[in-house]
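Per-entry structural report
Residue strings, one per chain:
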Amino acid sequence: MSGEIVTCLWFDGKAQEAAEFYLSVFKDGSIGRVAHYNDAGPGEPGSVMVVEFTVNGQKFVGLNGGPEFTFNEAVSFQIPCADQAEADYFWEKLTDGGEEGPCGWLKDRFGLSWQVFPSEVLDLVADPDPAKAKRATEAMYRMKKIDLETIRKAHAGQ
């Protein structure tokens with residue numbers, strides 16, 4: 001028993017497309033085994049059933065399970081970024097064909113939720129000085145894509 005945990009993502013026929021998209025965004029990854037439906041069903045024989053892929057060392061399985069289940073915000077992936085430029089890169093790539101949400105949240109073109117933010121934001125909103133933390137948090141609440149400089153200014157009382 002290895003104890004390894006692999007995240008399984010349920011798609012409606014777009015598992016391989018999703019895996020390829022995530023590899024184009026994150027660059028560090030690969031596609032592993034791809035299994036196809038056969039005459040045992042329930043999918044169309046020859047169509048992709050599952051695709052294994054790795055992104056930044058995290059293993060995933062994309063399952064083409066059909067339209068019965070869809071993603072929602074109860075589960076999301078966080079991308080704590082080194083700086084604003086990195087956050088902007090991931091925001092731009094992941095919202096392409098998706099939709100922006102509040103406070104650095106977004107849904108990609110497959111409906112999967114992400115939180116994209118410069119890591120420093122956590123320090124600003126968790127400042128031990130409650131007034132600074134409040135100002136930073138209030139500034140963040142007014143945003144869709146996180147703007148670190150605006151949060152820094154609010155934190156400083158500017």
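About the cut-offs
Residues numbered from 1 in each chain as written. Predicted model: local features only at pLDDT ≥ 70, side-chain atom pairs only at ≥ 80, totals over all residues. Heavy atoms only, no water. Helix = DSSP H or I, 4+ residues; strand = E, 2+ residues; numbered from the N terminus. Pairing = 2+ DSSP bridges. Phe/Tyr/Trp six-rings, centres within 6.5 Å; stacked < 30°, edge-to-face > 60°. Salt bridge = Lys/Arg side-chain N within 4 Å of Asp/Glu carboxyl O. Buried < 20%, exposed > 50% of the residue type's maximum accessible area, 1.4 Å probe, protein only.

1. Observations regarding unusual backbone geometry
Cis geometry marks the peptide bond from G41 to P42, where omega comes out at 0°. Positionally, P42 belongs in the loop between β2 (29-36) and β3 (48-55). In this structure, N56 takes a positive phi of about 50° despite not being glycine. For N56, the position within the fold is in the loop between β3 and β4 (58-64). We note that C103 has phi near 55°; this positive angle belongs to a residue other than glycine. Inspection of the secondary structure assignment puts C103 in the loop between β6 (99-100) and β7 (105-107).

2. Looking at the pairing of β3
The side chains of a regular strand alternate, residue by residue, between the two faces of the sheet. Sheet topology note: the β2/β3 ladder contains 6 bridges and is antiparallel. When the sheet's bridge partners are listed, V34 is paired in β3 with V51. Direction of pairing for β3 relative to β4: antiparallel, over a ladder of 6 bridges. Note on β4: the bridge partner recorded for V50 is L63. The antiparallel hairpin formed by β3 and β4 contains 2 residues in its connecting segment, where N56 sits at a positive phi of about 50°.

3. A short note on the packing of aromatic side chains
Scanning the entire structure with this criterion turns up 14 aromatic pairs. Relative to F69, the ring of W10 has its centre 4.9 Å away and its plane inclined at 85°; by these criteria the two rings are edge-to-face. Placement of W10 in strand β1 (residues 7-11) and of F69 in the loop between β4 and β5 (76-81) is noted, with a sequence separation of 59 residues between them.

4. Structural notes on the pattern of salt bridges
On inspection of all chains with the given rule, the structure shows 9 salt bridges. The shortest N-O distance in the salt bridge between E4 and K59 comes to 2.8 Å. Here E4 is found in the segment before β1, whereas its partner K59 is found in strand β4, with 55 residues between them in sequence. Among the residues examined, E4 registers a relative accessible area of 47% and is labelled partly exposed. What makes K59 partly exposed here is its relative accessible area of 39%. The shortest N-O distance in the salt bridge between E17 and K14 comes to 3.8 Å. Judged by its relative accessible area of 41%, K14 falls in the partly exposed class. Through salt bridges with shared partners, a single ionic network connects E120, E149 and R152.

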